[in-house]
Amino acid sequence: MTTDQLVYRGVPYGSQQHQPVPSVEPVEHVYRGVRYRLPLKHEPHPVDESVDLHYRGHIYHHRQQQAQLELQQD
């Protein structure tokens with residue numbers, strides 16, 4: 001096996017097989033029964049801080065501004 005080959009669960013594969021950057025061309029795909037035609041590379045949607053996130057019985061709040069302040073302090 002050469003140094004440019006990666007291994008996943010015992011199966012070697014070359015890193016050159018993967019595109020370095022996702023395409024901006026729309027791709028048709030289905031997710032949970034809903035058809036989409038969107039590019040793989042896209043900008044994230046802006047965060048709506050008024051929405052509560054629910055995960056396994058816990059409620060999480062967006063803390064984007066707090067995280068940005070913590071990064072600036074370091």
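Before any of the text, the structure's been laid out above.
Not measured: the values here are computed from a predicted model.

Concerning the pairing of strand 1 (residues 5-8)
Pairing of strand 1 with strand 2 (residues 11-14), which is carried by 4 bridges, proceeds in the antiparallel orientation. Considered in strand 2, the bridge of valine 7 is made with proline 12. Remark: 2 residues form the turn of the hairpin made by strand 1 and strand 2, two consecutive strands paired antiparallel; arginine 9 in that turn has positive phi of roughly 50 degrees.

What to know about unusual backbone geometry
With a phi close to 50 degrees, arginine 9 is a non-glycine residue in the positive phi region. As for its position among the elements, arginine 9 is in the loop between strand 1 and strand 2. In this structure arginine 9 comes out as exposed when scored by relative accessible area, which is 73%.

Side note on the pattern of salt bridges
Scanning the model with the defined rule gives 1 salt bridge in all. The partner of arginine 37 in a salt bridge is glutamate 28, and the shortest N-O contact between them spans 3.4 Å. Given a relative accessible area of 53%, arginine 37 falls into the exposed group. Here glutamate 28 falls in the exposed class, since its relative accessible area comes to 59%.

Definitions and limits used
- Residues numbered from 1 in each chain as written.
- Predicted model: local features only at pLDDT ≥ 70, side-chain atom pairs only at ≥ 80, totals over all residues.
- Heavy atoms only, no water.
- Pairing = 2+ DSSP bridges.
- Helix = DSSP H or I, 4+ residues; strand = E, 2+ residues; numbered from the N terminus.
- Buried < 20%, exposed > 50% of the residue type's maximum accessible area, 1.4 Å probe, protein only.
- Salt bridge = Lys/Arg side-chain N within 4 Å of Asp/Glu carboxyl O.

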